Amino acid sequence: MSTLNVKIPDEMDDDLREFLEEHPHYLNKSELVRDALRHLMDSQQLADWARDDIRVSRDQIDEGDTVALDDLE
């Protein structure tokens, strides 16, 4: 496992301590940061997937490969 040292403002450290007190399922700051990073990376992957899906949809519209909503049954 790698180690990452991060400097944060004192106010943020106070906020983190308060957050950890309110959310005891995080045992320490490291767990909280790992979870936040996972969430950030997952969100980006979802955003990439959504952009790809939108591109495909636009290509289908441009090519006329669509059906009007009223025609769906």
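Residues numbered from 1 in each chain as written. Predicted model: local features only at pLDDT ≥ 70, side-chain atom pairs only at ≥ 80, totals over all residues. Heavy atoms only, no water.

**Student:** Explain the pattern of salt bridges to me, please; I cannot follow it from the model alone.
**Tutor:** Think of it this way: side chains of opposite charge can pair up when their charged atoms draw near. Under the criterion given, the structure shown has 6 salt bridges. The partner of Lys29 in a salt bridge is Asp13, and the shortest N-O contact between them spans 2.4 Å. Placement of Lys29 in helix H2 (residues 29-62) and of Asp13 in helix H1 (residues 10-22) is noted, with a sequence separation of 16 residues between them. A salt bridge links Asp48 to Arg51, with the shortest nitrogen-to-oxygen separation between them at 2.5 Å. Highlighted residues: Asp48 and Arg51, both in helix H2, separated by 3 residues, approximately one helical turn. Each of Asp13, Asp14, Arg17 and Lys29 takes part in a single network of salt bridges with overlapping partners. (Salt bridge = Lys/Arg side-chain N within 4 Å of Asp/Glu carboxyl O. Helix = DSSP H or I, 4+ residues; strand = E, 2+ residues; numbered from the N terminus.)

**Student:** Please clarify how the packing of aromatic side chains should be interpreted in this entry.
**Tutor:** The way to describe two aromatic rings as a pair is by their centre distance and the angle between their planes. Summed over the entire model, instances satisfying the criterion amount to 1 aromatic pair. Ring centres 6.2 Å apart and planes at 40 degrees place the aromatic pair Phe19 and Tyr26 in the tilted group. Assessed through its relative accessible area of 32%, Phe19 is described here as partly exposed. (Phe/Tyr/Trp six-rings, centres within 6.5 Å; stacked < 30°, edge-to-face > 60°. Buried < 20%, exposed > 50% of the residue type's maximum accessible area, 1.4 Å probe, protein only.)

**Student:** Would you explain the environment of Leu16 in this entry?
**Tutor:** By the element assignment, Leu16 lies in helix H1. For the pair Leu16 and Lys29, spaced 13 residues apart in the sequence, the C-alpha separation amounts to 7.3 Å. Aside from chain neighbours lying at most four places away, what touches Leu16 is Ile8 and Leu32. (Contact = heavy atoms within 4.5 Å.)

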